[in-house]
Amino acid sequence: MPIGFAKNILAGSSASAFANTQAATWTVLSSHDGFSNTDGKFNNSLMTDFDGSADDCDSTIRIYPANTNFRFNKNFAYTIEFFLGFSNGSNVTQSHDIFEITADHTEGLDDTTTVNGRISANGANVFFATEGDTGGVTYSRSNFSGGPIHVALVSDGSGNQAWYADGSRVMNTTYTTTASAEAVALGFRGSRNASSPRITFDEIRISDIARYSGTSLTVPTSAFTTDANTLALLHCDGNLNDSSRG
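Here's what I pulled together on the structure shown here. Position numbers for residues count from 1 along each chain, tracking the sequence in the order it is written. Under the rules for a predicted model, residues below a pLDDT of 70 receive no local features and side-chain atom pairs below 80 are neither given nor counted, while totals for whole chains, interfaces and linings still include all residues. With hydrogens and water excluded, all non-hydrogen atoms of the structure serve as input to the side-chain values.

Examining the overall build of the protein chain
- Scanning the protein chain from terminus to terminus reveals zero helices and 15 strands.
- Residues classed as buried in the protein chain amount to 50% of the 246 residues present. Numbering of helices and strands runs from the N terminus, with a helix taken as a DSSP run of H or I at least four residues long and a strand as a DSSP run of E at least two residues long. Only protein chains enter the area calculation, which uses a 1.4 Å probe; residues under 20% of their type maximum are buried, those over 50% are exposed, and those in between are partly exposed.

Structure follows, in structure tokens:
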């Protein structure tokens, strides 16, 4: 059963053992499609839905850190990471947005005027773009043939932003935005047909530190656990729950 936009689920714990004092909210935008449960990297994951009439899935994750001044811009360190996959090997029929940093939780994919970090797909390719280089880098869909891969967008808080894909740094640029971006958008936005691939998401973690540096990283081999720097942790185990508060 698809998870609809009205079913934002907050984490059930009332205690706050870590940095943030409220759960993040993951919301599917009104009039856009939702997610279905499917096999994941470690347990279950969520796959963008398609019912034959809704062309796209568009959702946002809004965080509520203890530091209410936190934003996704050059002045802050952060890491946004998750496992990303495709449901089949068919080519994408047109350009589709998959992920980007967005101004707020109402904006969604493909509506931003400033690209602060983006993943898109077109044909047989996936493109990673930073705010410092919107041209992006081409990453072949064949790299996903073995299943979902780990991707991470890292800001060091000193004006550098990098993309990692499957353990390797694929982009590393300087960026200058000081925009008050407070959310991330993800899904699979754009027209498609019933045979088009759908996108799978698993283990989404947002942190207020740069968890990775250098030209490579060790790909996580188990589900994430929360710590003092976790702002949002979504295991995608058939729901939109945030588990960041422990």
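Having seen the structure, we can now continue with the description.
Quick notes on the environment of R141
- As for its placement among the helices and strands, R141 is situated in the loop between β9 (133–140) and β10 (149–156).
- In this structure R141 comes out as buried when scored by relative accessible area, which is 9%.
- Sequence spacing of R141 and G89 is 52 residues, and the spatial spacing of their C-alpha atoms is 7.9 Å.
- Other than its neighbours up to four places away in sequence, R141 contacts F86, N88, G89, S90, N91, V92, G123, A124, N125, V126 and P197. In what follows, residue pairs with any heavy atoms lying within 4.5 Å of each other are defined as contacts.

Topic: the sheet that holds strand β13 (residues 183–189)
- With antiparallel pairing, the seven strands of this open sheet are ordered in space as β1-β4-β13-β6-β7-β8-β9. Two strands lie at the open edges of the sheet, namely β1 (25–28) and β9, each paired on one side alone. Neighbour to neighbour, the strand axes of the sheet diverge by 15 degrees on average, direction disregarded.
- In this structure, strand β6 (residues 92–102) lies alongside β13, joined through five bridges in antiparallel fashion. Counterpart to I101 in the pairing with β13 is V184. Paired strands, in this sense, are two strands between which DSSP finds at least two bridges. To obtain an axis, a line is fitted to C-alpha atoms, over the contacting stretch when the element is a helix, and the angle between two such axes runs from 0 to 180 degrees between their N-to-C directions.

What about the environment of F50?
- Tracing the sequence through the fold places F50 in the loop between β3 (44–48) and β4 (57–62).
- Each C-alpha atom, one on F50 and one on F35, is 8.5 Å from the other, the two residues being 15 residues apart in sequence.

Digging into the packing of aromatic side chains
- Ring geometry is summarised as follows: Phe, Tyr and Trp rings, the Trp one being its six-membered ring, pair when their centres sit within 6.5 Å, and such pairs are stacked at plane angles under 30 degrees, edge-to-face over 60 and tilted between the two. Overall, the coordinates contain 14 aromatic pairs when judged by the stated rule.
- Aromatic side chains F70 and F72 sit 5.4 Å apart centroid to centroid with 80 degrees between the ring planes, which places their arrangement in the edge-to-face category.
- With a centroid separation of 5.8 Å and an interplanar angle of 85 degrees, the aromatic rings of F99 and W163 are classed as edge-to-face. You can see F99 sitting in strand β6 and its partner W163 sitting in strand β11 (residues 160–165), a full 64 residues away along the chain.
- The class of W163 is buried, set by a relative accessible area of 0%.
- Ring pairs connect the aromatic residues W26, F35, F82, F86, F99, F128, Y139, F144, W163 and F201, which therefore count as one cluster.
- Of note, R141 hangs over the ring of F86, and the distance from its end group to the ring centre comes to 4.0 Å. Whether a charge lies above a ring is judged from NZ of Lys or CZ of Arg, which has to be within 6 Å of the ring centre and within 35 degrees of the ring normal.

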